[in-house]
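Summary of the model geometry
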Amino acid sequence: MCSNEIILEKIAFVIASNHRRNIILFLDDSLHTPKQIGDAINVRTNHISNLLAQLRKKDLVYCATPQIRKGKLYALTDDGKQVLEYIKSQEQ
């Protein structure tokens, strides 16, 4: 599968869920904890953790502080940034 097809699959995965889409938009070039993400998009933290796990599995976000237990920081991967660019281009 070529890289364009992979990115298209990732875009489809993200835009299929408003919560996943909102997480990608919120993580735009910054680090945030699951609590900050949940507060910003009005979703409970335990659900945010599940959504982040889904996004990590698709290599769209990564944990920048995996060694700590509470207050982990998440950011977009390069693929996540490409998905973000696509979402932003569609909203203009």
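Notes on the structure follow. Note on numbering: residues in each chain are counted from 1, in written sequence order. With pLDDT at 70 or above as the cut-off, local features in this predicted model cover only qualifying residues; side-chain atom pairs require 80 or more to be listed or tallied, and sums for whole chains, interfaces and linings still use all residues. Side-chain numbers come from the whole structure's heavy atoms, not from hydrogens or water.

**Looking at the packing of aromatic side chains**
- Centres within 6.5 Å are what make two rings of Phe, Tyr or Trp a pair, Trp counting through its six-membered ring; a difference in plane orientation under 30 degrees is then read as stacked, over 60 as edge-to-face, and the rest as tilted. What the rule picks out here adds up to zero aromatic pairs.
- Directly above the aromatic system of Phe-13 lies the positively charged group of Arg-20, at a separation of 3.9 Å from the ring centroid.
- Throughout this description, the term charge over a ring refers to an Arg CZ or Lys NZ atom that lies within 6 Å of the ring centre and within 35 degrees of the ring normal. Note that Lys-58 overlies the ring of Phe-13, its terminal NZ or CZ placed 5.0 Å from the centroid.

**Looking at the nonpolar core**
- Residues Val-14, Ile-23, Ile-24, Ile-48 and Leu-55 are the most contacted members of the largest nonpolar core, which totals 22 residues.
- A helix here means a DSSP run of H or I that spans at least four residues, while a strand means a run of E at least two residues long, and both kinds are numbered starting from the N terminus. Breaking this core down by element, the ones donating at least two residues are helix H1 (3-15), helix H2 (18-26), helix H3 (34-41), helix H4 (45-57), strand E1 (61-63), strand E2 (74-76) and helix H5 (78-91). Residues grouped as a nonpolar core are buried Ala, Val, Leu, Ile, Met, Phe, Trp, Tyr and Cys residues, joined through side-chain atoms within 4.5 Å. Classification of residues uses two cut-offs on accessible area relative to the type maximum, computed with a 1.4 Å probe and protein chains only: under 20% is buried, over 50% is exposed, and between them is partly exposed.

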